[in-house]
Amino acid sequence: MSIEAREARQPWILLSPAIGAVTLLLLLPLVFIVVYSFWLRSAVGPDIVGFHFDNWQRALSDPFYRYILLNTLKIAAITTVLCAVLGYPAAYFVARSKGNKMLLLLMLMLPFWISYIIRTMSWINILGSSGALNTLLMTLGLTSEPLRMLYNEGAVILGLVHFLLPFMILNVFVSLDGIDTSLEDAANSLGATRWQAFLQVTLPLSLPGLAAGGLLCFVLAAGSYVTPLVLGGPRDAMFANLVYEAIITQLNWPLGSALSLLLLFVLGALVALYNRFLGMSQLTRGLG
Amino acid sequence: MGAVNLSDVVKRFGDFTAVHRMSLEIPEGSFLTLLGPSGCGKTTTLRMIAGLLDPSEGDIDINGRRVNDLPIHKRNLGLVFQNYALFPHKTVAENVAFGLRYRNVSRADIARRVQEALELVRLPHLASRYPAALSGGQQQRIALARAVVIEPDVLLLDEPLSALDANLREEMRVELKNIQKRIGVTSVFVTHDQSEALAMSDQVVVMSEGRIEQVGAPQEVYNTPASEFVARFLGAANILPAEARGIEGETMVLDVPGLPRLGIPRSRAPRLAGAGAARLVIRAEKLALTPVDAPADDRVSVPAMVEAVDYQGQSARYFLRIGEGENTHQVQAINMIDERPFAEGEAVSVRVRPRDCAALPLGTANGGGGSAA
Ligand SMILES: Nc1ncnc2c1ncn2[C@@H]1O[C@H](COP(=O)(O)OP(=O)(O)OP(=O)(O)O)[C@@H](O)[C@H]1O
Ligand SMILES: [Mg+2]
């Protein structure tokens, strides 16, 4: 075999375990779900095999589903904006700090060592009616009875921001850290104040990182299931909760499949848009 | 009074003093080079003038105005960086226009001045390109155009040529010097390349470990170094222990152990007041090798033995042993090759003109302050 042929084969050999895993664990189930979404659930007996559009029609036309979908996108959007507003200054601070950046980043990563569910549940101890915050407020005499801070949309957004902020900070940090500080010096020397130099040079150059962080936050928030379950009220269900509801509670696998594919398409379209304008490489840079 | 004055400027980073009590006067319109080895404080000094670093002590004046507390964006300086620091998301024209937008210049004037600046660096056709689509040399010229278009009071350049390859560097050095002469802007240039410093500067400031060793015109620092450090830093120099015997008329008489007595012009030993321990400095290219039987001339001649030859094509570097008995010295000579280089082990005579020698007092202290006026 020629050297070129061997070199051409080598990546495939090295990738084969990964390709195998992706095929088995991701593509195959996805194909099943696609097939399932065209079956029908019968009131009695097994699902009706076939090629029916009923589930899709229901998923797309039912006003309740549409409301939940829009609400999910709204919550994801608010979460993303909050993450950007809170995360950007933090990322800027870390990127420009003279001291130990790695230590600061490690501190950022520290929460990941605790299970996401436990981190989410911990808010119950803080915001609950006999939680830390209410106890404090009542001890100080600022309120006479506990405030209702849990089980509403605000709590869901809080939980999501708590979970997603590090992703945003990390992505923005990577792009800020890659900006040569002499660019700001140059802008200053040409007459721009520090704020003008930031707006003219640093901010535009860090937008790719902001966009990558935003995409991650949005997609992860829109697909969240645990947070609305733990911190939301009955009216704060998000789309993933609907899917759960359909599959586990109603045992309607075909409808659940159609719903989950719908969310996949909406988010997929968003990723495609991002890729079209900014390119996927920015995302991998932020994750690496 | 220069365009830029440093008086007793000190810069400390924690316990470490990067610049010690530096005083320097930079005349209006001149091209001054800060020259010294890595870590000697050149960039630190430049950044203090620019306003990117605060001096720990001392004053910096620009055009007679104390600027210690003036933020960088109000100093009206042109900065050129080693890595160019062009804004990657702006076109060449936008890069060059950047400084003008903060200066109340009308749109039409901005366009005209950008065009003029690009013509100055001979790249008017690249106005709409992005920096990533330019070669290193082109980026460097755009960086220069961006710095000079604002008509700065002082142009500060930190190793602007060191990222270029050798041929381009020499070309750019001529061009940079021409542009500086044409617009007559006071310039401070940082480099650790002695040939760059000698070729471009009106004044060279040789620095070592945060101190000024010598300030002077290129020929002055080259021919009459103020210290052993300067002698060694500006090209290959032989430094021999000597004893100054005193002044006879316009001649300084020196004895080097193992060698015949030597009288050099007093102008070549300006820092030697009279008798005392001294150092004799002879540049390697001023020592000429001749066959032992060559006829005598106006040069001093001593017998030597070639210990090693470093062949370099058109020239060769010889390591020679001179002197007698206990007192022998190894010296280097760099000579053009005539027909064939001298061979290792060959006996030769080595010659030098007394006016090509210089002498220093022994243990020359650091120059401390200095004036380039
Ligand atoms: N921010 C800083 N904190 C601590 N020490 C510093 C800082 N900046 C510079 N130094 C130290 O000050 C000394 C002078 O640095 P400077 O950058 O001025 O050197 P330089 O002459 O420009 O060298 P080079 O030719 O390598 O660029 C060095 O020893 C450097 O380590
Ligand atoms: Mg430097």
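Every chain begins its residue count from 1, and numbering advances along the sequence as written. All chains are assigned letters beginning with A, and all ligands numbers beginning with 1, in the order in which they are written. pLDDT decides what is reported in this predicted model: residues at 70 or higher carry local features, side-chain atom pairs at 80 or more are listed and counted, and totals for whole chains, interfaces and linings draw on all residues regardless. With hydrogens and water stripped out, all remaining heavy atoms of the structure feed into the side-chain values.

### A closer look at the overall build of chain A
Here comes step 1: Secondary structure elements are taken from DSSP: a helix is a run of H or I of four residues or more, a strand is a run of E of two residues or more, and numbering for both begins at the N terminus. Summing up its helical and strand segments, chain A has 13 helices and zero strands in all.
Here comes step 2: Scanning chain A from its N terminus toward the C terminus, one meets helices and strands in the order α-α-α-α-α-α-α-α-α-α-α-α-α.
Here comes step 3: Dimensions of chain A along its principal axes, counting C-alpha atoms only, are 80 × 75 × 35 Å.
Here comes step 4: Under the scheme applied here, a residue whose accessible area is under 20% of the maximum for its type counts as buried, over 50% as exposed, and between as partly exposed, the area being computed with a 1.4 Å probe on protein chains only. Split into buried and exposed, the 288 residues of chain A put 40% on the buried side.
Here comes step 5: Working rule for contacts: check all heavy atoms of both residues, and any pair within 4.5 Å makes them a contact. Pairs at least 24 apart in sequence give 69% of the contacts found in chain A among residues at least 6 apart.
Here comes step 6: Here the open area of atoms and residues is found with the Shrake-Rupley method and a 1.4 Å probe, where only the protein chains shown may cover a residue. Looking at chain A as shown, the accessible area adds up to about 16,000 Å², and 72% of this sits on carbon and sulfur atoms.

### Quick look at the interface of chain B and chain A
Here comes step 1: Taken together, the 21 residues of chain B in the interface contact 17 residues of chain A.
Here comes step 2: Here's the idea: put two parts together, see how much 1.4 Å probe accessible area each one loses, and the total over both is what we call buried area. In total, chain B and chain A occlude about 1,600 Å² of area from one another, counting both sides; carbon and sulfur atoms represent 66% of this.
Here comes step 3: Within this document, salt bridges are pairs made up of a side-chain nitrogen of Lys or Arg and a carboxyl oxygen of Asp or Glu, the two lying within 4 Å of each other. At the boundary of chain B and chain A, one finds one salt bridge.
Here comes step 4: A salt bridge links Arg 47 of chain B to Asp 185 of chain A, with the nearest nitrogen and oxygen atoms 3.3 Å apart.
Here comes step 5: Polar contacts, as used here, are pairs of N or O atoms within 3.5 Å; protein pairs need one atom able to donate a hydrogen and one able to accept it. Residues neighboring in sequence count only if both atoms are side-chain atoms. Remark: the boundary between chain B and chain A carries seven residue pairs in polar contact (both at pLDDT 80 or more).
Here comes step 6: Classifying every residue of the side of chain B that touches chain A by side-chain character gives 12 nonpolar, four polar and five charged. Under the scheme applied, nonpolar residues are Ala, Val, Leu, Ile, Met, Phe, Trp, Tyr, Cys and Pro; charged residues are Asp, Glu, Lys and Arg; polar residues are all the others, including Gly.

### Quick look at empty space enclosed by the protein
Residue and element names in this part refer to chain B.
Here comes step 1: Points on a 1 Å grid, built from protein atoms alone, make a cavity when a 1.4 Å probe fits but cannot get out and make a pocket when they are open with protein on both sides within 12 Å along at least 5 of 7 lines; residues with an atom within 4 Å of a point are the lining residues. Grid points are joined across faces, edges and corners, and a volume is the space filled by probe spheres set on the points. For the coordinates displayed, the defined rule picks out three cavities of 30 Å³ or more.
Here comes step 2: Contributing to the lining of the largest cavity are 17 residues, with Leu 259, Ile 282, Val 302, Ile 322 and Val 352 lying nearest its centre.
Here comes step 3: For the lining of the largest cavity, the class distribution of residues is 14 nonpolar, two polar and one charged.
Here comes step 4: Each pocket or cavity is described by its volume, and for the second largest cavity that value is around 60 Å³.
Here comes step 5: Residue lining of the second largest cavity: Tyr 222, Asn 223, Pro 225, Arg 268, Val 281, Arg 283, Lys 286, Asp 356 and Ala 358, and that is the complete set.
Here comes step 6: Looking at the lining of the second largest cavity, the elements that each hand over two or more residues are helix 7 (218-223) and strand 14 (276-283).
Here comes step 7: Here the residues of the lining of the second largest cavity are counted per class, giving four nonpolar, one polar and four charged.

### Notes on the packing of helix 3 (residues 63-96) of chain A against helix 4 (residues 101-109) of chain A
In a pair of packed helices, the angle between the axes and the distance between the axes together describe the arrangement.
Residue and element names in this part refer to chain A.
Here comes step 1: Angles shown run from 0 to 180 degrees and are taken between the N-to-C directions of axes, each axis being a line fitted to C-alpha atoms and, for helices, limited to the stretch in contact. Interaxial distance between helix 3 and helix 4 falls to 8 Å at its minimum, and their mutual angle equals 150 degrees. Judged by the angle between their axes, helix 3 and helix 4 are roughly antiparallel. On helix 4, the residues that touch Phe 93, Val 94 and Ala 95 of helix 3 are Lys 101, Leu 104 and Leu 105. Under this scheme an angle from 65 to 115 degrees is roughly perpendicular, one under 35 degrees roughly parallel, and one over 145 degrees roughly antiparallel; angles in between are oblique.

### Remarks on the site of ligand 1
Residue and element names in this part refer to chain B.
Here comes step 1: Whether a residue is near a molecule or strand is decided by its heavy atoms; if any one of them lies within 4 Å of it, the residue is near. If you check the shell around ligand 1, you find 13 residues, and the closest are Ser 38, Gly 39, Lys 42, Thr 43 and Thr 44.
Here comes step 2: In this structure, Cys 40 approaches ligand 1 through a main-chain N or O atom, which is 3.2 Å from an oxygen atom.
Here comes step 3: Lys 42 has a polar side-chain atom sitting 2.8 Å from an oxygen atom of ligand 1.
Here comes step 4: Elements with a minimum of two residues in the shell around ligand 1: strand 2 (16-26) and helix 1 (42-50).
Here comes step 5: The element that contributes the greatest number of residues to the shell around ligand 1 is helix 1, accounting for three residues.
Here comes step 6: Class assignment for the residues of the shell around ligand 1 results in five nonpolar, six polar and two charged.

### Section: the packing of aromatic side chains
Residues and elements named next belong to chain B.
Here comes step 1: Each aromatic pair joins two rings of Phe, Tyr and Trp (for Trp, the six-membered one) with centres within 6.5 Å, and gets the label stacked for planes under 30 degrees apart, edge-to-face for over 60, and tilted for any other angle. Taken as a whole and assessed by the stated rule, the structure comprises 20 aromatic pairs over all chains.
Here comes step 2: On the numbers, 5.4 Å between centres and 55 degrees between planes, the contact of Phe 98 with Tyr 102 is tilted.
Here comes step 3: On the basis of relative accessible area, Tyr 102 is assigned to the partly exposed category, the value being 24%.
Here comes step 4: When the ring of Phe 229 is compared with that of Phe 233, the centres are 5.7 Å apart and the planes differ by 10 degrees; the resulting orientation is stacked. Taken as a pair, Phe 229 and Phe 233 lie in helix 8 (residues 228-233) at a separation of four residues, close to a single helical turn.
Here comes step 5: Taking the relative accessible area as the measure of exposure, Phe 229 reaches 26% and is therefore partly exposed.

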